[in-house]
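Chain and residue survey
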Amino acid sequence: MSVTEVTDRISHIQLQFKQLSALDARFNPTSASRFSTELETASTALSRSDGSPSGADVVAEAKKYLGLPYVWGGTDPTKGLDCSGLVQLVYKNLGYDLPRVSNQQATAGRPVASMAEAQPGDLIAWDNSSRNKGVDHIAIYIGDGKMIEAPRTGLDVRIVDVPSTPDVIRRILPDQGATGVGSVARTAGTDQVPFGTPYAHLFNTAGAKYGVSPELLSAIARQESGYDPRAVSPAGAQGLMQLMPATARGLGVTDSFNANQAVDGAARLMSDLLDRFGRTDLALAAYNAGPGAVLRHDGIPPYRETQRYVAAIMADLRGER
């Protein structure tokens, strides 16, 4: 049985269960909740081959909501979803934090040149109305010229043929097997910071924990603070990894001057940025200038500081420093 057949079968079983679970919950809500959780865990394990989300995972997740009613502004799957609510929910369940509205979602991830290069899981979007600025409808491409969408009032979440050439195609997931200067720096178990490097054990531990290259974490610390855990920048960034206070709070870091907390928080942040942008250079640009700047400029922002920052760390990773 192919991966597509497996995910389709899983989605069919999940849809049947949703229809039955409401009845079961009236009589035994605890067992219904437990069974739902176990089913979700099992289906996720079956649909993933390498432990990270794939296009097939996105499609399988989206198919769970087939038949739900369209509700304008809807984000609650128990009531109904609109087009961007569906996209946001699907990716949130796979660990990706996308913006709420379609015109912002249409700037997330990376551009795809044409439908000939589109892959399952990509976002496809249209600017249909002259009254609104930017994209006003978005859907999830599932392959073979078809997509899943929450269309409009009176219709349910459905699978349909892609009706026309999209105005925007975006890829949220990292490209599989990417290589080269901009490829995603993930640890494969052999990328270890050597003994004698400051805080080597912290970089190695956090890298293994979050799936980020320890060498990348070490290079960031070298560039950010010169391995000084007490460093404070003129902008207010603090500690070994130069986390801004608001960023640190969002990462659960209570003391940016604590090297252990700082490295753990930075590794978690870089893991998210690598997943979001799919390339090391773009993730570094987002670490330095913020994800919004990378999205606005559709790449490394034209800021001299950020461009020098990215170039220096990428050179460091290539052993050119």
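Structure's up top.
This structure is a prediction, so every number in the text was calculated from the model and none was measured.

Calculation notes
Residues numbered from 1 in each chain as written. Predicted model: local features only at pLDDT ≥ 70, side-chain atom pairs only at ≥ 80, totals over all residues. Heavy atoms only, no water. Helix = DSSP H or I, 4+ residues; strand = E, 2+ residues; numbered from the N terminus. Buried < 20%, exposed > 50% of the residue type's maximum accessible area, 1.4 Å probe, protein only. Contact = heavy atoms within 4.5 Å. Polar contact = N/O pair within 3.5 Å; in protein donor to acceptor, adjacent residues only side chain to side chain. Pairing = 2+ DSSP bridges. Axes fitted to C-alpha atoms, helices over the stretch in contact; angles between N-to-C directions. Phe/Tyr/Trp six-rings, centres within 6.5 Å; stacked < 30°, edge-to-face > 60°. Salt bridge = Lys/Arg side-chain N within 4 Å of Asp/Glu carboxyl O.

With that settled, the discussion passes to the overall build of the protein. Helices and strands together make up the secondary structure of the protein, namely twelve helices and eight strands. By residue count, 46% of the 321 residues in the protein fall in the buried class. Residue pairs in contact within the protein that sit at least 24 positions apart in sequence constitute 53% of those at least 6 positions apart.

This part is about the side chain of D281. Here D281 lies in helix 10 (residues 280-289). A polar side-chain atom of D281 sits 2.6 Å from a polar atom in the side chain of R279.

To continue, consider the sheet that holds strand 7 (residues 158-161). Within the open sheet, the six strands sit side by side as 3-8-4-5-6-7. Their pairing is antiparallel. Edge positions in the sheet fall to strand 3 (110-111) and strand 7, since each has one partner strand and no second. Alignment of strand 5 (residues 137-143) against strand 6 (residues 146-149), held across three bridges, turns out to be antiparallel. Along strand 6, the bridge assignment pairs Y141 with M147. Strands in contact with helix 3 (residues 55-63) are strand 5, strand 6 and strand 7; relative to strand 5, the strand with the most contacts, it is inclined by about 120°.

To continue, consider the packing of aromatic side chains. For the structure shown, the criterion picks out two aromatic pairs. On the numbers, 5.9 Å between centres and 90° between planes, the contact of Y91 with Y96 is edge-to-face. A centroid spacing of 6.3 Å and a plane angle of 50° characterise the contact between F203 and Y227, whose relative ring orientation is tilted. Here F203, found in helix 6 (residues 200-210), pairs with Y227, found in the loop between helix 7 (214-225) and helix 8 (245-250); they are 24 residues apart in sequence, far enough to count as distant. Residue class for F203 comes out buried when judged on its relative accessible area of 0%.

Take the pattern of salt bridges next. Using the criterion set out here, one finds ten salt bridges in the structure. Notably, a salt bridge pairs K146 with D161, separated by 2.6 Å at the nearest N-O pair. With K146 in strand 6 and D161 in strand 7, this residue pair connects regions lying 15 residues apart in the sequence. Residues R279 and D281 are paired through a salt bridge, measuring 2.6 Å at the closest nitrogen-oxygen approach. Via salt bridges that share partners, K209, D264 and R268 belong to a single interconnected network.

Relative to the elements of secondary structure, N288 occurs in helix 10. Spatially, the C-alpha atom of N288 lies 8.4 Å from that of V310, the residues being 22 residues apart in sequence. In this structure N288 touches E305, T306 and Y309, once residues within four positions along its chain are discounted. A polar contact is formed between the side chain of N288 and the side chain of T306, at a distance of 2.6 Å.

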